[in-house]
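# Descriptive analysis of the structure
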Protein chains: 2
Amino acid sequence: MLKNRILAKKPKEEELKRRLKEAREKLLALQMRIKEHRLPVLVLLEGWGTSGKGSTIGQVIRNIDPRFFKVASMELIREEDKRKPFLWRYFTEIPESGKFVFMDSGWMDEVTRDRLAGTMDDGTYEARIAGIRRFERQLTDNGYLVMKFFLHISEKEQKKRMDILKKDIDTRWRVSQADRWQNQHYERCLDIFDRYLDATDSPAVPWYVVDAGSKKWAELQVLEILTEGIDIAMQNQALAVPVLQNVFPLIKMPKLSEVSLEGKMLEEADYKKELKKLQSHLGELHNRLYRKKVPVIIAYEGWDAAGKGGNIRRITEALDPRGFEVHPIASPEPHEKARHYLWRFYTRLPRTGHIAVFDRTWYGRVMVERLEGFCSENDWKRAYNEINEFEKELSDWGAVIIKFWVHIDKETQLERFTQRQNTPEKQWKITEEDWRNREKWDAYERAVDEMIQKTSTVYAPWHILESVDKRYARIQALNILIKELEKVL
Amino acid sequence: MLKNRILAKKPKEEELKRRLKEAREKLLALQMRIKEHRLPVLVLLEGWGTSGKGSTIGQVIRNIDPRFFKVASMELIREEDKRKPFLWRYFTEIPESGKFVFMDSGWMDEVTRDRLAGTMDDGTYEARIAGIRRFERQLTDNGYLVMKFFLHISEKEQKKRMDILKKDIDTRWRVSQADRWQNQHYERCLDIFDRYLDATDSPAVPWYVVDAGSKKWAELQVLEILTEGIDIAMQNQALAVPVLQNVFPLIKMPKLSEVSLEGKMLEEADYKKELKKLQSHLGELHNRLYRKKVPVIIAYEGWDAAGKGGNIRRITEALDPRGFEVHPIASPEPHEKARHYLWRFYTRLPRTGHIAVFDRTWYGRVMVERLEGFCSENDWKRAYNEINEFEKELSDWGAVIIKFWVHIDKETQLERFTQRQNTPEKQWKITEEDWRNREKWDAYERAVDEMIQKTSTVYAPWHILESVDKRYARIQALNILIKELEKVL
């Protein structure tokens, strides 16, 4: 029961004042340490209508320099949000390192509201809960402090507050229809809230139920719990996080060395004929996808000079330009580096009915970042599971996820590099770095093998494109794409 | 839904055979590495009646040297078990480092059975689930690998198996009444099982639902998942674990330096009179406790020479010797060191209606082990929460937990040490170590302060006994004990 979760009893007025002063000073002092430690802090305030979420945030932020925090009011769900995965609007709002984000209601509010309205079935609810648990755990695993508060007031107290607000013409607007509904169905809400708190209470991101019967007391509880949480998070910051065992169904994939590249080629004439036919078919499918509002994510990875660019072009040529976007992925910008590594992909997700093509992807984490030491061993080892979870979220949203590894052998790469080097108009395509990467071919091959083995889930499998003959690989990509899209249409 | 949780599809016979051979060899090879790594492995097999839990364990252990594993059949709950906390029979069976324990059904079976029988109310169920989640997390945090398998078969398959078993007089006994009941109420069981799996699925200790429709296939799934789990656990072994923020209601306690020891004394005559009265009262209460089957745990910690022994004696003198035990706690034995540090206290818990007095306790973790470096910093920092969780489990069981810190000042200790040194019959009571510890008084005081602050929960608070006058402290202890016991009688 919600009220049994409240941790402490309201102290006497004098003690309350003294502790409030102490806690405020502590937060003031901590903000600079958070900055030094580059700790990102996400504070979520959920709770009953009129429990004072907004005003509590208002009090707490008085002790923080405005450069170090952002308040995100998440109650209003925009049309745009509905065309993105459920967690999108929260994931894109996560703080950067060294800063606070305070959310005035969040994913709990959204889920329980739909649940109470009866517009969410059991299956969706369970998937949401699983997704939320993974989201919160991933943030913590990646160095975030996530503090969840639920501001609790009794049915009577809520009624009283609404009556007072309603009496005054200047405050009447603050009592929403949702608040009134809540008060009329208090017991039912209580049950739904309780279940939600149970399902999403985890050791690293527990719920803190705050007695919000008095404003100052609510502020004190939030301040004391928050500052203790920051202290502990700074102590935990240096720790590596256990790698989790896979829990998603995987497809058994061959190693790259087992993939035969022999004889996978097409004659020019056959290629042209086939290409035209497939592109026209894909164009049709794109229309149907758009009408059916199915989002599609196409991820391209592959060896340098394997022919990714040309392959992508053969696909996009077939698409209505209003319905797709290509995202070339380079090294992350500073503001991207300051957040969870999947953040810059979350922000680039398509709307429903649209196609996003990624030219290089989040798999950089387990390839270049792994091999060049841009992240820790613990980071990339955890990433297989984190990526499977990310793609699960996309799949739950209804997205079709198609991942291509554009494959050539070492000799073919050498030929193409040499040709680029010797052809003036192609020289820009070849850099010192390409040659350096080539020297690490074997290490990359081991990393790619591991990646393909560990992330070929049934909902987002890898497809290996044999691209010694680029034409062959293009036709192969189109065929796979069409086959996968037809499954959902 | 249970059947949707199954990770993989049964491969063709030939592939199954090949993989089975590989997986068996892998486990055979891993057992020595487990021993070297000192990894304790707890494998829990739950599942439907006739799903083949026993025979699967039988197959798996063929690949392990008998010195390295133990099979614990947990189905039968003895009278003794019922007089202990719920988790007691599982906690006491955990493996020592470098070894396997296979449990043939366990805490899931016990909880869901009671739930299905309708003998467990919602509140108890929720407390059980919370306790189980803490138990599994604590094992993992303390370096255990815990693998949970649920062997799933369909209603039809279960029926078929029971019919076959029933036909033969030699196998008829293997179909229990519970199995029959399960099959008749398959859907209801499914629902209860599903809820349980949901509630206890955690990232570090996930559920693996095994398709148990075929024996060999079930064995392969268990072997493959188990060996992968071992691989990953060995990689994770060196990692420190995040310290969790407190989620239990705490009582605000003074620092030792704020405790006044002045004038806390009693005249001989007053003491004797009071002692007699209180001991006789305590004796009565002990009888009522016994009849009401309330378990009592009294934990003593304090400075060397503070008077713990004499204090304990004044309590036990009042008790019926058939109803209490005193556990003097020294350094752990090798077989105790090889397990979770709370194991040796779990094994010493009283039966319901009995009193256990611990002369030194599990708080050694955050005092001597912390200060002498017998455990890592990460270990003792985590221990505050682990101990609060341990005591919560005892409190949920219905135990009264009373914790005494027997307090004196540094000068009093010096006087008593010197007196012991100079009195031949008391010299055995004073060792070099006592003098060494005394030099670390300030560090100990900081550790004790932190311990008292962080582990004075409302359900198991600390009581500071002012023991400069030992008589005063004894009367104080008796008064506190009587007051706390009367609350539950």
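Preceding this section is the structure that the text describes.
This section reports on the structure supplied with the text. It should be emphasised that the depicted structure is a prediction, and the values quoted were computed from it without experimental measurement. (Residues numbered from 1 in each chain as written. Chains lettered and ligands numbered in written order. Predicted model: local features only at pLDDT ≥ 70, side-chain atom pairs only at ≥ 80, totals over all residues. Heavy atoms only, no water.)

Residue and element names in this part refer to chain A. For Ser105, which is not a glycine, the phi torsion comes out positive at approximately 60°. With respect to the helices and strands, the residue Ser105 is situated in the loop between β3 (100-104) and α5 (107-117). Judged by relative accessible area, Ser105 falls into the buried class, the value being 2%. For Arg360, which is not glycine, the phi dihedral falls at a positive 75°. (Helix = DSSP H or I, 4+ residues; strand = E, 2+ residues; numbered from the N terminus. Buried < 20%, exposed > 50% of the residue type's maximum accessible area, 1.4 Å probe, protein only.)

This part is about helix α9 (residues 186-199) of chain B. Look at α9(B): 20 Å from first C-alpha to last across 14 residues, which is about the 20 Å you get at 1.5 Å a residue. Elements that come into contact with the buried residues of α9(B) comprise α5 (107-117), α6 (122-141), β4 (145-152), α7 (155-167), α8 (177-184) and β5 (207-211) of chain B. (Expected span 1.5 Å × (residues − 1). Contact = heavy atoms within 4.5 Å.)

Looking now at the side chain of A:Glu46. Residue and element names in this part refer to chain A. Tracing the backbone through its elements, the reader meets Glu46 in strand β1 (residues 41-47). One buried charged residue, Glu46, forms no salt bridge at all, with the nearest opposite charge on Lys53 at 6.3 Å. Separated by 2.9 Å, the side chain of Glu46 and the backbone nitrogen of Gly106 make a polar contact. (Lys, Arg positive; Asp, Glu negative; His and termini not counted. Salt bridge = Lys/Arg side-chain N within 4 Å of Asp/Glu carboxyl O. Polar contact = N/O pair within 3.5 Å; in protein donor to acceptor, adjacent residues only side chain to side chain.)

This next bit is on the sheet that holds strand β5 (residues 207-211) of chain A. All names here are of chain A. Spatially, 5 strands are ordered β2-β3-β1-β4-β5 in an open sheet, and the strand pairing comes out parallel. Looking at strand neighbours, the two that pair on one side only are β2 (69-73) and β5, the edges of this open sheet. The sheet shows a mean angle of 20° between the axes of neighbouring strands, taken without regard to direction. Where β1 lies against β3, 5 bridges are found, and the strand directions are parallel. (Pairing = 2+ DSSP bridges. Axes fitted to C-alpha atoms, helices over the stretch in contact; angles between N-to-C directions.)

A few words on the interface of chain B and chain A. Contacts between the two partners involve 31 residues from chain B, matched on the other side by 31 residues from chain A. In this assembly, chain B packs against chain A so that about 2600 Å² is buried in total across both faces, 52% of it on carbon and sulfur atoms. Of all residues in chain B, B:Leu7, B:Pro203 and B:Gln245 give up the largest surface area on contact with chain A, accounting jointly for 24% of the area buried on that side. Where chain B packs against chain A, one counts 0 salt bridges. (Buried area = accessible area lost by both parts, 1.4 Å probe.)

Further remarks concern the packing of aromatic side chains. As enumerated under the stated definition, the model contains 50 aromatic pairs over all chains in all. Relative to B:Tyr208, the ring of B:Phe149 lies with its centre 6.1 Å away and its plane at 40°, an arrangement referred to as tilted. One end of the pair, B:Phe149, is in strand β4; the other, B:Tyr208, is in strand β5, and 59 residues separate them in sequence. Here B:Phe345 and B:Phe358 contribute two aromatic rings whose centre-to-centre distance is 6.2 Å and whose plane-to-plane angle is 65°, an arrangement assigned as edge-to-face. Highlighted residues: B:Phe345 in helix α14 (residues 343-346) and B:Phe358 in strand β8 (residues 355-359), separated in sequence by 13 residues. Owing to a relative accessible area of 2%, B:Phe345 belongs among the buried residues under this scheme. Taken together, the aromatic side chains of A:Phe86, A:Tyr90, A:Phe91, A:Trp107, A:Phe135, A:Phe345, A:Tyr346, A:Phe358, A:Trp362, A:Tyr363, A:Phe390 and A:Trp462 make up a single cluster linked through ring pairs. (Phe/Tyr/Trp six-rings, centres within 6.5 Å; stacked < 30°, edge-to-face > 60°.)

Turning our attention to the relation of the copies chain B and chain A. When chain B is fitted to chain A, the best match, at an RMSD of 0.0 Å, comes from turning it 180° and sliding it 0.0 Å along the axis. Taken together, the rotation and translation relating the two chain copies correspond to the operation of a two-fold axis. Mapped onto chain A, 100% of the interface residues of chain B again fall at the interface, so both copies present the same surface. (Least-squares fit on C-alpha atoms with pLDDT ≥ 70 in both.)

As a further point, take the environment of A:Gln138. Residue and element names in this part refer to chain A. With respect to the helices and strands, Gln138 occurs in helix α6 (residues 122-141). Residue classification places Gln138 among the buried positions, given a relative accessible area of 5%. Separated by 245 residues in the primary sequence, Gln138 and Ala383 place their C-alpha atoms 9.8 Å from one another. What Gln138 contacts, discounting residues up to four positions off in sequence, is His340, Leu342, Glu386, Glu389 and Phe390. Side chain to side chain, Gln138 and His340 meet in a polar contact 2.8 Å long.

All names here are of chain A. Within the secondary structure, Lys21 sits in helix α1 (residues 13-37). Taking relative accessible area as the criterion, Lys21 reaches 52% and is therefore assigned exposed. The sequence separation of Lys21 and Leu220 amounts to 199 residues, and the corresponding C-alpha distance is 9.1 Å.

The subject of this paragraph is the pattern of salt bridges. Residue and element names in this part refer to chain A. Applying the stated criterion across every chain, the model contains 90 salt bridges over all chains. Among the salt bridges present, the one from Arg322 reaches Asp320, with a minimum N-O distance of 2.6 Å. Taking relative accessible area as the criterion, Asp320 reaches 25% and is therefore assigned partly exposed. Salt-bridge contacts for Glu372 lead to Lys440; the nearest nitrogen and oxygen are separated by 2.8 Å. You can see Glu372 sitting in the loop between α15 (368-371) and α16 (377-397) and its partner Lys440 sitting in the loop between α18 (432-439) and α19 (441-455), a full 68 residues away along the chain. You can call Glu372 partly exposed: its relative accessible area is 29%.

It is worth stressing that arrangement in space is one thing and function is another; only the former is reported here.
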